[in-house]
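Here's the letter readout for the chains.
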Amino acid sequence: MVGECKSKPGKKDMDRLHALKERVKSYLKGPVYGFIVGYTYAPDVEKYAREKYPQVLMLKSYEFELKYSKQTPKRLGDTSLELK
């Protein structure tokens, strides 16, 4: 799997991800799956990606189920907060 995470992916990001996926595929000689995670996609980018790269999975980060607490340590090195 080859993936990328951007807050607002653009068309160039989709093109770069596809090129990276193809490079990796040439080395591995097997199936390589691509995905991109973004908080939001412009409508024209979504359309572009779906038409040009339908095999790339597009995910929206705000749709992920949180598996951890939203609290953050107050000082560097504070490990008293545990993952849920």
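The structure we're discussing is the one just above.
So, here's what we can say about the structure. (Residues numbered from 1 in each chain as written. Predicted model: local features only at pLDDT ≥ 70, side-chain atom pairs only at ≥ 80, totals over all residues. Heavy atoms only, no water.)

Turning our eyes to something else, we now look at the packing of helix α1 (residues 11-28) against helix α2 (residues 43-52). Taken N-terminus to C-terminus, the directions of α1 and α2 make an angle of 25°; their axes are 9 Å apart at the nearest point. In terms of orientation, α1 and α2 fall into the roughly parallel class. Between α1 and α2 lies a crossing whose hand is right-handed. Residues Lys11, Met14 and Asp15 of α1 form the contact with α2, whose own contacting residues are Asp44, Val45, Tyr48, Ala49 and Lys52. Residues that form the contact of α1 with α2 fall into these classes: 4 nonpolar, no polar and 4 charged. (Axes fitted to C-alpha atoms, helices over the stretch in contact; angles between N-to-C directions. Helix = DSSP H or I, 4+ residues; strand = E, 2+ residues; numbered from the N terminus. Parallel < 35°, antiparallel > 145°, perpendicular 65-115°, else oblique. Left-handed = near helix turned anticlockwise from the far one by under 90°. Contact = heavy atoms within 4.5 Å. Nonpolar A, V, L, I, M, F, W, Y, C, P; charged D, E, K, R; others polar.)

Time to look at the environment of valine 32. Position of valine 32 among the secondary structure elements: in the loop between α1 and β2 (34-38). We classify valine 32 as buried; its relative accessible area is 9%. Between the alpha carbons of valine 32 and lysine 21 there is a distance of 6.7 Å; along the sequence they are 11 residues apart. Ignoring any residue separated from it by four or fewer positions in sequence, one finds valine 32 in contact with Val2, Lys21, Val24 and Lys25. (Buried < 20%, exposed > 50% of the residue type's maximum accessible area, 1.4 Å probe, protein only.)

The next thing to look at is the sheet that holds strand β3 (residues 57-60). Taken in spatial order, the 3 strands of this open sheet run β1-β2-β3, and their pairing is parallel. With one partner strand each, in any of the chains shown, β1 (2-6) and β3 form the two edges of the open sheet. Each strand of the sheet is rotated relative to its neighbour by a mean of 15°, with strand direction disregarded. Here 5 bridges tie β1 to β2, and the two strands are oriented parallel to one another. Each residue of the ladder has a partner; that of lysine 6, found in β2, is glycine 38. Packing against the sheet, α1 makes contact with β1, β2 and β3, and its axis sits at approximately 160° to β1. (Pairing = 2+ DSSP bridges.)

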